[in-house]
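Next come the chains, spelled out residue by residue.
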Amino acid sequence: MPDTSTLTGRPPSASHLTLSQIMDQHHTNLMGTVHGGRILNLIDSVAGVVAARHSDGPAVTAAIDETAFLRAVRVGDVVHVDARITWAGRSSMEVAVKVSADRWDRAVPPVDVATAHLVMVAVDDHGHPRAVPPLRPETDGDRRRHREAHIRREHRLALRRALLDGGGEA
């Protein structure tokens, strides 16, 4: 894998993306609200685009963690999926996603409906990890999100080590 120190850093704003979609009856679950899986699909799709833009090529989902569903989404809601890179390593990136919704037929402020953090890994044509540009935080918000992402990364690594250390137990 090439050394990431030779790659030019990029700010989160270079790959930031918001996708909006109107939810209809095809997106509902048995409760009559939008299926959580549909929201997860949108989160994963938008995070994939953001990671691909940051890394200049394909990226796959390695982990989705800290997903929180805050409010139900209803038919007729316009869902806005906002995603940005918050941390980048050698081949992996963390993407923070915030999902909000408002009504299609009313001028009301959007409400937060879900949040998630995803770890995406840049891959080459053979599916092997490839180097990604470092993240270059520009704003105070970028720097805060970067610090928080580093804490989440350390937590994920510690959890992984603990799970692997206990691997033989049932």
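For clarity, every value in this text was computed on a predicted model and none was experimentally measured. (Residues numbered from 1 in each chain as written. Predicted model: local features only at pLDDT ≥ 70, side-chain atom pairs only at ≥ 80, totals over all residues. Heavy atoms only, no water.)

1. So, the sheet that holds strand S1 (residues 17-22)
Point 1. Strand order in the open sheet formed by five strands is S1-S3-S4-S5-S2, and the pairing between neighbours is antiparallel. Two strands lie at the open edges of the sheet, namely S1 and strand S2 (59-69), each paired on one side alone. Strand after strand, the sheet turns through a mean of 20° between neighbouring axes, direction not considered.
Point 2. Judged from the 11 bridges that link them, strand S3 (residues 77-88) and strand S4 (residues 92-103) form a sheet pairing that is antiparallel. Residue pairing across strands places Val-78 opposite Asp-102, the latter belonging to S4. (Pairing = 2+ DSSP bridges. Helix = DSSP H or I, 4+ residues; strand = E, 2+ residues; numbered from the N terminus. Axes fitted to C-alpha atoms, helices over the stretch in contact; angles between N-to-C directions.)

2. Some remarks on the environment of Arg-71
Point 1. By secondary structure assignment, the location of Arg-71 is in the loop between S2 and S3.
Point 2. Given a relative accessible area of 47%, Arg-71 falls into the partly exposed group.
Point 3. Separated by 67 residues in the primary sequence, Arg-71 and Glu-138 have C-alpha atoms spaced 32 Å apart.
Point 4. In contact with Arg-71, other than residues within four places in its own chain, are Val-111, Asp-112 and Val-113.
Point 5. A distance of 2.8 Å separates the side chain of Arg-71 from the backbone oxygen of Asp-112, its partner in a polar contact. (Buried < 20%, exposed > 50% of the residue type's maximum accessible area, 1.4 Å probe, protein only. Contact = heavy atoms within 4.5 Å. Polar contact = N/O pair within 3.5 Å; in protein donor to acceptor, adjacent residues only side chain to side chain.)

3. Some remarks on helix H1 (residues 36-55)
Point 1. When the terminal C-alpha atoms of H1 are compared, their 28 Å separation across 20 residues agrees well with the 28 Å that a helix rising 1.5 Å per residue should span.
Point 2. Looking only at H1, the buried set comprises Ile-39, Leu-42, Ile-43, Val-46, Ala-47, Gly-48, Val-50, Ala-51, His-54 and Ser-55.
Point 3. Of the surrounding secondary structure, the elements contacted by the buried residues of H1 are S1, S2, S3, S4 and strand S5 (111-122).
Point 4. In the segment just after H1, Asp-56 is the residue with positive phi, at about 60°. (Expected span 1.5 Å × (residues − 1).)

4. Here we look at the pairing of S3
Each regular strand carries side chains that alternate between the two faces of the sheet.
Point 1. When you tally the buried positions in S3, you get 10 out of 12 residues, the bulk of the element.
Point 2. Across six bridges, the pairing between S1 and S3 is antiparallel. Bridge pairing in S3 links Ile-22 to Val-78.
Point 3. Connecting S3 to the antiparallel partner S4 that follows it, the hairpin turn spans three residues.

5. Considerations on helix H2 (residues 140-165)
One full turn of an α-helix is made of 3.6 residues, so residues set three or four places apart face in the same direction.
Point 1. Compared with the 38 Å implied by 1.5 Å per residue over 26 residues, the 38 Å span of H2 between its first and last C-alpha is a close match.
Point 2. Inspection of H2 places Asp-142, Ala-149, Arg-152 and Arg-156 among the buried residues, and these make up the whole buried set.

6. What to know about the pattern of salt bridges
Point 1. Scanning the model with the defined rule gives 14 salt bridges in all.
Point 2. Here Arg-156 makes a salt bridge to Asp-65, at a shortest N to O gap of 3.0 Å. Linking Arg-156 in helix H2 with Asp-65 in strand S2, this pair joins segments that are 91 residues apart in sequence.
Point 3. Residue Arg-156 is classed as buried on the basis of its relative accessible area of 18%.
Point 4. When its relative accessible area of 17% is taken as the criterion, Asp-65 is described as buried.
Point 5. With its nearest N and O atoms 3.6 Å apart, the salt bridge here joins Arg-84 to Asp-82. (Salt bridge = Lys/Arg side-chain N within 4 Å of Asp/Glu carboxyl O.)

Scope: geometric values only; no functional claims are made or implied.
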